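Coordinate analysis (summary)
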Amino acid sequence: MDEIVKDFLIESGENLDRLDQELVQLETDPRSAPLLASIFRTIHTIKGSCGFLGFTRLEKVAHAGESLLSRLRDGELSLTEESTSGLLAMVDAVRRMLSEIQTTGADGENGYPELLERLKQLTAGQTAGKSQNESEEVRILPADGEVGGSEVQELQSSTTTAAAPDSQPEPPQVPQEPPTHENVPQHRPAPGKLGGLLVERGQISSENLAVALGEQERGDQRRVGEILVALGLCKLEDVLAAQHIIEARGREQGTDTVRVGVNLLDKLMNLVGELVLARNQLLQFSNSNQDPGLHTISQRMNLIASELQEEVMKTRMQPIGNVWNKFPRTVRDLALNCGKEVRLEMEGQDTELDRTILEAVKDPLTHLVRNSIDHGIEIPATRARMGKPASGCLALRAFHEGGQVNIEIADDGAGLNLERIRSKAIERGIISADQASRMPDREIFNLIFLPGFSTAEKVTNVSGRGVGMDVVRTNLEKIGGTVDLHTAAGKGTTVRIKIPLTLAIIPALVVRCLGERFAIPQMSLTELVRLESMKGIENVHGAPVYRLRGQLLPLVYLSHVLGAKATKHGMASDSSANQNSQGANIVVLQAESQAFGVVVDDILDTEEIVVKPLGKQLKGIDVYSGATIMGDGSVALILDIMGLAKRANLLAQTHETTRDDKRAAALPSITDDENTLLLAENGSTGRVAIPLRIVARLEEFPSSVLEYAGTQEVMQYRGQIIPLVRLSQMVPPSMPADNDKNTIEVVVYSEGKRTVGLIVDRIVDIVEEKAQQTETLTPRAGVVGSFVTQQHVTDLLDVSKIVHDAVPGLFETDNIDATNQDVATV
Amino acid sequence: MDSAQQLCTFFLEGNLFGVPVPQVQEVIRFQQMTHVPLAPNVIQGMINLRGQIVIAIDLRCRLSLPDRTEAPMNVVVRTVEGAVSLLVDEIGDVIEVDPSTFEEPPETVSQGVRGMILGVHKLDGKLLHVLDTEKACQVPPAAEAAAAR
């Protein structure tokens with residue numbers, strides 16, 4: 001495409017964005033002369049440029065808008081909602097045509113006749129009372145829709161109006177000395193006009209200018225520049241260049257900025273990344289070297305590289321205002337659409353973010369803003385009833401905090417309806433009623449981030465389809481951000497987003513596992529725990545956990561997750577065995593709301609790493625988010641925490657149910673129905689099944705916890721004394737198990753406020769199966785029947801009956817003495 | 001292949017292979033590699049090629065040949081997806097071949113490998129296999145990763 005057209009597109013795009021903003025601003029301050037002038041100028045520039053470039057349809061649309069604006073500016077019309085909408089529609093049309101030019105090179109077939117008509121009516125709309133202007137109006141916008149860009153006519157019209165005369169200092173200026181121009185504003189000096197400037201720059205001779213001016217006087221309605229180009233007296237480039245100069249002068253501000261392509265910046269960033277890596281290598285080398293000269297140089301190099309990195313990083317930084325700029329328009333349109341009044345407040349527009357991150361947060365932010373208006377803020381009538389001001393307030397705030405950028409989207413609307421979310425979640429089968437009752441409010445609110453969740457009563461074209469919030473969260477998590485939600489019924493909702501400043505160079509923790517080094521982004525890192533022995537690691541039915549300040553922290557062995565191919569390359573696959581003798585290093589990570597520990601062989605160092613994408617061949621592996629080059633020049637993989645968590649959860653699927661209630665409830669996928677059975681061994685061969693639904697927890701304890709209360713075996717469990725029932729005594733197996741184990745496996749069963757531990761010989765598995773084909777071969781107390789699962793005949797237990805038989809009286813509340821009552825209340 | 005073509009040749013299990021010279025970025029000695037756990041078998045690891053991270057594909061594995069015992073050489077080729085290093089046994093000469101000696105692979109070549117071999121040049125006393133680098137660098141997605149999900 002033509003370089004000129006390209007420039008035109010870029011510039012016009014920026015201008016249009018500004019227009020959107022200014023028009024919305026204008027609505028709040030309809031009489032602001034500087035605003036109007038600026039808007040007029042912008043439209044006029046676009047119109048002028050397309051005249052030169054031959055986009056006549058585009059020019060017509062722009063001109064129609066300009067006509068309306070000129071009347072607004074001159075105070076002949078006052079701004080109404082309709083005229084703002086009309087002008088915004090014009091901006092949209094121009095934008096569409098520009099994108100058409102971008103793709104096809106022409107301004108398209110659509111001349112937007114309806115829009116032109118609408119603008120024309122708006123322009124003429126309120127003029128009936130002002131007879132003095134009517135004739136001029138007709139001349140500006142002739143009935144046949146012919147809108148040639150003659151400024152002579154326009155200026156004539158402005159001279160006859162009472163209001164301030166033409167004050168736009170914009171470019172494609174009118175001929176030099178036509179008789180109608182006595183009252184051309186004084187601040188527009190002669191060289192400020194296109195013709196004059198071209199002569200000044202020696203691009204045309206004054207004779208040629210005179211020829212062009214003569215043409216115009218003879219009735220040619222085109223502008224001087226156009227005539228010059230048409231007559232071949234001047235090059236198009238020169239005219240446009242001159243136009244730019246005039247524009248720059250018009251803005252009356254020195255420009256000390258340079259337009260640089262994003263590609264170039266990206267390349268610079270990459271090179272700096274390389275430099276940082278080279279510096280790391282140099283530092284490592286110089287540390288192992290005694291030469292003082294080398295030390296000095298490498299230190300200096302280190303400083304320079306760091307500074308350079310910082311500065312280059314800055315070039316990619318853009319204020320978040322760049323994204324927010326389009327919100328006033330979005331908010332206005334949406335509010336009108338929904339019949340609501342919304343006031344938009346923005347704070348911290350100049351908070352800077354890396355360009356790539358800015359791109360990534362654009363859509364989520366837009367979605368959240370739309371959500372706030374559509375769902376959050378109430379219609380004025382409702383607000384009045386609630387005693388709130390009729391117009392709602394949507395506040396956007398951005399600020400830096402702890403190396404991260406915080407963005408808040410707060411509305412003072414209705415807030416989220418806890419009950420509605422709860423019931424919706426139950427209705428959708430996302431959580432069970434039981435879980436719902438146990439979940440803290442905050443987590444219930446966070447359910448709206450799950451896929452397919454929407455509480456909107458009806459689907460509007462704005463939102464309510466339930467695809468939004470999960471996308472918001474996924475998109476933000478992709479760039480290492482988090483999103484959190486606070487709400488108060490009737491007071492409003494605040495969504496807080498935390499995102500990293502940059503993605504290109506990140507601090508990371510380097511760990512070793514399977515003889516390779518891996519980098520873990522520090523964003524998700526919460527702490528490091530060193531265990532001197534493996535004693536601290538316990539098992540919940542095979543799933544390793546660690547008690548971190550009283551909370552069970554699920555553990556993932558990195559070597560196991562990555563172990564699939566470990567032996568192929570002869571890597572140390574016995575890493576877990578090593579740990580048994582040497583203790584373990586736990587890296588505590590946070591993925592979504594889930595904390596988990598990753599057990600690694602070695603924790604090495606923290607390092608600034610440059611994230612490099614993985615080749616296509618490795619894209620399918622979700623455990624890695626990229627690769628980097630370490631100080632010694634070798635390659636290390638960067639672990640993707642989300643992927644790791646996903647994979648680990650997958651491996652430990654059956655253990656979900658044994659996590660503490662809070663966590664389990666936060667995981668909506670847990671299976672919680674009749675068909676899930678816990679399989680255990682009774683005796684050395686017998687198999688029994690217990691519906692998982694009635695199992696509170698699974699525990700493993702050393703035999704030493706066993707104590708006696710009278711003849712009843714009991715143990716201390718979570719601050720209370722629970723009776724223990726040996727399954728093998730209640731349902732005698734055919735062959736007793738070897739009893740030399742020094743641990744006991746306990747199925748914790750709760751009924752009402754009572755908890756009983758059922759000791760089984762071994763917990764085998766959890767299966768999802770309906771035990772329907774039960775046959776009662778030999779009726780035994782506590783056994784419902786037998787069925788086959790995993791190729792074993794399995795007895796389905798009636799746990800309730802077993803514990804009632806074993807500990808008679810426990811569940812009869814009348815018999816309980818007062819002290820017992822206390823400890824039993826959890 | 002209308003005119004004479006230059007092929008960069010290398011050996012795999014005693015067989016002579018070649019890729020068109022313009023596709024070859026460089027040939028380097030064995031490099032220290034970072035293994036990628038969970039990756040498909042053919043991906044031997046990643047190497048640092050002057051700051052660029054390049055995936056190394058074991059051609060022996062890719063072409064269903066037995067595992068190698070000695071340190072391989074890297075033939076770094078350009079593909080549409082970027083540079084990829086192909087691990088080969090030994091580097092041969094750059095050979096100029098004439099289109100007249102070219103023949104498509106016979107039907108009897110096993111289906112999986114056939115796709116990666118454009119054909120053979122019948123040279124004096126030996127056959128030169130022409131490798132389709134794009135195909136050879138297309139690795140089926142990590143099977144384990146897919147299966148586990």
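Residues numbered from 1 in each chain as written. Chains lettered and ligands numbered in written order. Predicted model: local features only at pLDDT ≥ 70, side-chain atom pairs only at ≥ 80, totals over all residues.

**What to know about the sheet that holds strand β7 (residues 82-88) of chain B**
All names here are of chain B. What counts is decided by this rule: Think of it this way: DSSP has to see at least two bridges between two strands before they count as a pair. Put simply, DSSP H or I for four residues or longer makes a helix, DSSP E for two residues or longer makes a strand, and each gets a number counted from the N terminus. Lines fitted to C-alpha atoms define the axes, with helix axes restricted to the stretch in contact, and inter-axis angles between N-to-C directions lie between 0 and 180 degrees.
Strands sit in the order β3-β6-β7-β5-β4 across an open sheet of 5 strands; the sheet is mixed. The open sheet terminates on both sides in strands that have one partner only, identified here as β3 (24-28) and β4 (43-49). Each adjacent strand pair in this sheet contributes to an overall mean axis angle of 30°, direction not counted. Pairing analysis gives 4 bridges linking β3 to strand β6 (residues 73-79), with the strands arranged antiparallel. The residue bridging V27 from the neighbouring strand is V75, located in β6.

**Some details on helix α2 (residues 33-53) of chain A**
Residue and element names in this part refer to chain A. This is how it is decided: To estimate the expected span of a helix, subtract one from its residue number and multiply by 1.5 Å. Exposed residues have 12 or fewer other C-beta atoms within 10 Å of their own C-beta, buried residues have 20 or more, and residues in between are partly exposed; the C-beta atoms are placed from the backbone.
Taking 1.5 Å per residue as the helical rise, α2 with its 21 residues ought to reach 30 Å, and the 30 Å between its terminal C-alpha atoms agrees with that figure. Most of α2 is tucked away, with 15 of its 21 residues classed as buried. One or two steps after α2, the chain reaches G54, where phi turns positive at roughly 85°.

**Re the packing of helix α3 (residues 56-73) of chain A against helix α4 (residues 81-104) of chain A**
Residues and elements named next belong to chain A. Rule in force here: Geometric relationships in this document are graded by angle, where less than 35 degrees denotes roughly parallel, more than 145 denotes roughly antiparallel, 65 to 115 denotes roughly perpendicular, and other angles denote oblique. By convention, the crossing between two helices is left-handed when the near helix turns anticlockwise from the far helix through less than a right angle, and right-handed when the turn is clockwise. Here contacts are defined at the residue level, using C-beta atoms placed from the backbone and a cut-off of 7 Å between them. Here the term charged refers only to Asp, Glu, Lys and Arg, the term nonpolar to Ala, Val, Leu, Ile, Met, Phe, Trp, Tyr, Cys and Pro, and the term polar to all other amino acids, Gly among them.
Between α3 and α4, the least distance of the axes is 10 Å, while the angle of their chain directions is 160°. The angle between α3 and α4 places the two elements in the roughly antiparallel class. Seen along the crossing, α3 lies across α4 with a hand that is left-handed. Of the residues in α4, those touching α3 at R57, L58, V61, A62, A64, G65 and L68 are S83, G86, L87, M90, A93, V94 and M97. When the residues that make up the contact of α3 with α4 are grouped by side-chain class, the tally is 10 nonpolar, 3 polar and 1 charged.

**A closer look at the sheet that holds strand β1 (residues 5-12) of chain B**
All names here are of chain B. An order of β8-β1-β2-β11-β10-β9 is seen for the 6 strands of this open sheet, with the pairing classed as mixed. Lying at the two open borders of the sheet, with one neighbouring strand each, are β8 (90-97) and β9 (102-103). Pairing of β1 with β8, which is carried by 6 bridges, proceeds in the antiparallel orientation. Its bridge partner being in β8, C8 is matched across the sheet by V94.

**Observations concerning unusual backbone geometry**
Residues and elements named next belong to chain B. Of note in the backbone geometry, E13 takes a positive phi value of approximately 50° without being a glycine. In this structure, E13 sits in the loop between β1 and β2 (15-20). For E13, a count of 12 C-beta atoms within 10 Å corresponds to the exposed category.

**A look at the environment of B:L49**
Residues and elements named next belong to chain B. Residue placement: L49 occurs in strand β4. Under the C-beta neighbour-count criterion, L49 is labelled partly exposed, with 18 such atoms within 10 Å. Once the C-alpha coordinates of L49 and V76 are considered, the two residues, 27 residues apart in sequence, prove to be 9.4 Å apart. The residues touching L49, leaving out its near neighbours within four places in the chain, are V54, V76 and A83.

**Some details on the nonpolar core**
How we decide: The nonpolar core criterion groups buried Ala, Val, Leu, Ile, Met, Phe, Trp, Tyr and Cys residues into a set whenever they are joined through C-beta atoms within 7 Å.
Ranked by internal contacts, the top residues of the largest apolar core, which has 90 residues, are A:V556, A:L639, B:M46 and B:I57. Here this core takes 6 residues from strand β8 (residues 505-513) of chain A, the largest share from any one element. Here A:L639 is in contact with A:F518, A:A519, A:I520, A:V623, A:Y624 and A:L644, once residues within four sequence places are set aside. Listed in part, the 40 residues of the second largest apolar core include A:W324, A:L353, A:I421 and A:I431.

**As for the confidence of the model for chain A**
Residue and element names in this part refer to chain A. As a reminder, the rule being used: Across the chain, each position has a pLDDT score giving the predictor's confidence in that residue, from 0 to 100.
Here chain A shows a mean pLDDT of 73. Residues at 70 or above account for 76%. Per-residue pLDDT stays below 50 along residues 458-466; that stretch engages in 21 contacts with residues further than four places along the chain or on separate chains. In this model, residues 564-580 is a region of pLDDT below 50 whose contacts with residues beyond four sequence positions or in other chains number 29 contacts.

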